[in-house]
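Okay, here's what each chain looks like letter by letter:
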Amino acid sequence: AQSVTQLDSQVPVFEEAPVELRCNYSSSVSVYLFWYVQYPNQGLQLLLKYLSGSTLVKGINGFEAEFNKSQTSFHLRKPSVHISDTAEYFCAVSDLGSGNTGKLIFGQGTTLQVKP
Amino acid sequence: DAGITQSPRHKVTETGTPVTLRCHQTENHRYMYWYRQDPGHGLRLIHYSYGVKDTDKGEVSDGYSVSRSKTEDFLLTLESATSSQTSVYFCAISESGVASDTQYFGPGTRLTVL
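Residues numbered from 1 in each chain as written. Chains lettered and ligands numbered in written order. Predicted model: local features only at pLDDT ≥ 70, side-chain atom pairs only at ≥ 80, totals over all residues. Heavy atoms only, no water.

**Quick word on the overall build of chain A**
- The helix and strand tally for chain A stands at zero helices and 12 strands.
- Taken over C-alpha atoms, the radius of gyration comes to 14 Å for chain A, in line with the 13 Å a tight globule of 116 residues would show.
- Seen through its C-alpha atoms, chain A measures out along the principal axes to roughly 45 × 30 × 20 Å.
- When burial is assessed residue by residue, chain A has 44% of its 116 residues classed as buried.
- Restricting the contact set of chain A to residue pairs at least 6 apart, pairs at least 24 apart contribute 58%.
- Accessible surface, chain A as shown: approximately 5500 Å² in total, 50% of it carbon and sulfur.
- The distance from the centre of the 8 positive side-chain charges to the centre of the 9 negative ones in chain A is 6 Å. (Helix = DSSP H or I, 4+ residues; strand = E, 2+ residues; numbered from the N terminus. Rg over C-alpha atoms; globule rule 2.2 N^0.38 Å. Buried < 20%, exposed > 50% of the residue type's maximum accessible area, 1.4 Å probe, protein only. Contact = heavy atoms within 4.5 Å. Areas by Shrake-Rupley, 256 points an atom, 1.4 Å probe, with all protein chains shown as cover. Lys, Arg positive; Asp, Glu negative; His and termini not counted. Charge placed at Lys NZ, Arg CZ, Asp CG, Glu CD.)

**Some remarks on the nonpolar core**
- If you look at the biggest cluster of nonpolar residues, it comprises 28 residues, and the most contacted ones within it are Leu33(A), Trp35(A), Leu47(A), Leu48(A), Phe74(A), Leu76(A) and Tyr89(A).
- Not counting chain neighbours up to four residues away, the residues in contact with Phe74(A) comprise Cys23(A), Leu33(A), Phe34(A), Trp35(A), Leu48(A), Tyr50(A), Ala65(A), Glu66(A) and Phe67(A). (Core = buried A, V, L, I, M, F, W, Y, C linked by side-chain atoms within 4.5 Å.)

**With respect to the interface of chain A and chain B**
- Opposite the 24 residues of chain A that make contact, chain B presents 23 residues.
- Between chain A and chain B, roughly 1800 Å² of surface is buried when both sides are summed, and carbon and sulfur atoms account for 54% of that area.
- Connecting chain A to chain B are zero salt bridges.
- At the boundary of chain A and chain B, one finds five residue pairs in polar contact (both at pLDDT 80 or more). (Buried area = accessible area lost by both parts, 1.4 Å probe. Salt bridge = Lys/Arg side-chain N within 4 Å of Asp/Glu carboxyl O. Polar contact = N/O pair within 3.5 Å; in protein donor to acceptor, adjacent residues only side chain to side chain.)

What follows is the structure, encoded as structure tokens:
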């Protein structure tokens, strides 16, 4: 069975510092990987996704993520964070073996707290 | 932003009462999903629909039922609410349901069962 682990439940960081949010997955089949962001009292929106090709994926708001197949990881990074990046971030996986259902398995979420 | 609305946005109810949550989309997407969000668990799939009158169970379907009589509406019903169903419920849609599709989420419904 698939699973997604986000290794940090909370990540505090000062404004303009770099940040990395970690995500590891387990799956016996090929997967697609997603990062979603949830701002306070809102729904989730897509930051970026990895489908194939280059292992470095660029998303919105200056975020990027790197797919590492050997380490089954998909860590999210930003070189310089802003106060407005304070939110909860979710890593998710869908597998090609799930058929045409698009089912996503989500990690537990990481709260990014950007301090002035 | 994808046209997804959820109603009600907040609801407080008592144990044992039936509750129905509504998700409405204006995108004409084929697939619709219901998730619940709980601290420490991320989002977990309750039920999903792949067309009018076509639904299937997700990871945490016990105690929930769904219906989809029109493309644009997907209803989630708690037949007899329990305190363990206190949660934030999100509806999502995707165009074709393939694994590479992006899911677009509604604003959520916060449900409290006393």
